[in-house]
Amino acid sequence: MSHEQFEDAVALYAVDALEPAEREALEVHIRDGCEECRAAMKEYRAAANLLPYALPPEAAPFDLQSHLMRTFELDRAQSGKSGVGWTSPAGQGDFPRTFLPWRRLIGQPVFALASIVLLLAVGIYALTLRSQLQTEAAQRRQIEMAMQDEGRRLTVLQLQATEQERKLNEIRNDFVDKLGTTRDTLVAREAELAQLRDRLAQQEQQAACRRRL
Amino acid sequence: MTAFIDSVEVLNPARMRLSPNQPSLTPELLARVGKGDAQAFAQCYEQSSSVLFTLALRILNNHDEASELLQDVYIEAWRKAGSFDPKRGSPMAWLITLTRSRAIDRLRGSASRGRNLTDSIEETSAGDLRSALPDPFDTHALGELRMLVMEAFKDLPAPQQEAIELAFYGGLTHAEIAAKLDKPIGTVKTRIKLGMNKLRYALRPCWEAK
Ligand SMILES: [Zn+2]
């Protein structure tokens, strides 16, 4: 295939419209060093990645973020990625091996020393275990706090909703009041109008009588 | 393949119009996500969730499925965040590519095109090539970007819009689009080519210095 044909294929590649064989051929062509196709590809890909911005935007579901945050915290705790994470105690793996030939050592002064070292090591190990437990407890607390935060945010939202409702009621009452006043005024005006009309009719009659006379 | 990845240099976007009020989804932020920084993840989510959900919904046309998909995408993203290579493109482009390919996977069933998009899209040389992008998401405010892209897309003739949408959101190849529309393959190829070419020029200000 000629470079021209490949160049045509780049636009289709960018929106993933090529058949698998054509795609592979184009990749080989670019890998072989066609700078023109490489440069075109970068721009076409940039344009394709902007396509979703032409869609009418939709908000992600309200509860997705809190759900993901909880999963993230759990994932983090499991993979030991947290900043206060527990690190395996140095030498933990060597510890039993050092003390394997213990039989030969019984009765020797070195054994007493070894026993002390063993006790110390066990002590350190126990401490480490405790700190691990503490870390896990801390992580649990963090998660609980995150959940409490969610709860608090919900309460704030509820408060806001109540407040909105109250304001709405106020506006409605106000409106009803005003409407009532307006109606009263209207009735009064209508009465006045009726009186005026009556008077006008009387005057017209009188005028008609006078004309006849 | 690795040599190819390394040889794809990245167009450096001009960071001239960085909007000060919009914290952007930087490679640094993504690196913090990779280290388990929950706050960084929350920020990353706020920056990207609307666009990614819109994209997933457009492809899957089902609210619950799009929501479920987005959940999987974010989990995959934070697990892979640590190995994200900023030389390969912008984090936002990476997330868009990931969301699109997972959604198309789901839409078509992963083996339907004789390849597994899960493996092929962003992990092979093609993926790296796809991600070697300038970062318009970093230099433009979201509203501005939407306006630019909407205008550019609206300016395309309807048949070109249709062909591009069937490929990008429908996951169809040119031959499949031709069959669906009952048009010659050459016509479909030309429509995509012309449309994408126009978009490329119209959107150039997004990644070029003003
Ligand atoms: Zn070429």
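Residues numbered from 1 in each chain as written. Chains lettered and ligands numbered in written order. Predicted model: local features only at pLDDT ≥ 70, side-chain atom pairs only at ≥ 80, totals over all residues. Heavy atoms only, no water.

Visitor: Summarise the overall build of chain A; cite the residues concerned and give the values.
Guide: A tally of regular secondary structure across chain A gives 7 helices and 0 strands. In sequence order, chain A lays out its α and β elements as α-α-α-α-α-α-α. With 213 residues in all, chain A has 26% of them scored as buried. (Helix = DSSP H or I, 4+ residues; strand = E, 2+ residues; numbered from the N terminus. Buried < 20%, exposed > 50% of the residue type's maximum accessible area, 1.4 Å probe, protein only.)

Visitor: Can you break down the packing of aromatic side chains residue by residue, with the values?
Guide: If you walk through the whole model with that rule in mind, you get 7 aromatic pairs over all chains. With a centroid separation of 4.8 Å and an interplanar angle of 90°, the aromatic rings of A:Phe72 and B:Trp78 are classed as edge-to-face. In this pair, A:Phe72 is assigned in helix α4 (residues 64–79) and B:Trp78 in helix α4 (residues 63–80), connecting two distinct chains. Exposure remark for A:Phe72: the relative accessible area of 2% places this residue in the buried category. Its relative accessible area of 3% is what places B:Trp78 among the buried residues. Judged by centre distance (5.1 Å) and plane angle (45°), the ring pair of B:Tyr45 and B:Tyr74 falls under tilted. Taken together, the residues B:Tyr45 in helix α3 (residues 38–60) and B:Tyr74 in helix α4 connect sequence positions 29 residues apart. Judged by relative accessible area, which is 4%, B:Tyr45 ranks as buried. (Phe/Tyr/Trp six-rings, centres within 6.5 Å; stacked < 30°, edge-to-face > 60°.)

Visitor: With reference to specific residues and values, describe the confidence of the model for chain B.
Guide: Residue and element names in this part refer to chain B. The predicted model of chain B averages 80 in pLDDT, with 74% of residues at 70 or higher. Taking the mean pLDDT of every element in chain B, the minimum, 35, falls on helix α1 (residues 2–7) and the maximum, 98, on helix α10 (residues 158–168). Here residues 1–21 is a poorly scored stretch, pLDDT under 50, and it has 46 contacts once near neighbours within four places are set aside; other chains count. Between residues 114–132, whose pLDDT stays under 50, and residues either more than four places distant or in other chains, the model counts 59 contacts. What the predictor reports for the complex is a pTM of 0.62 with an ipTM of 0.83. (pLDDT = per-residue confidence, 0-100. Contact = heavy atoms within 4.5 Å.)

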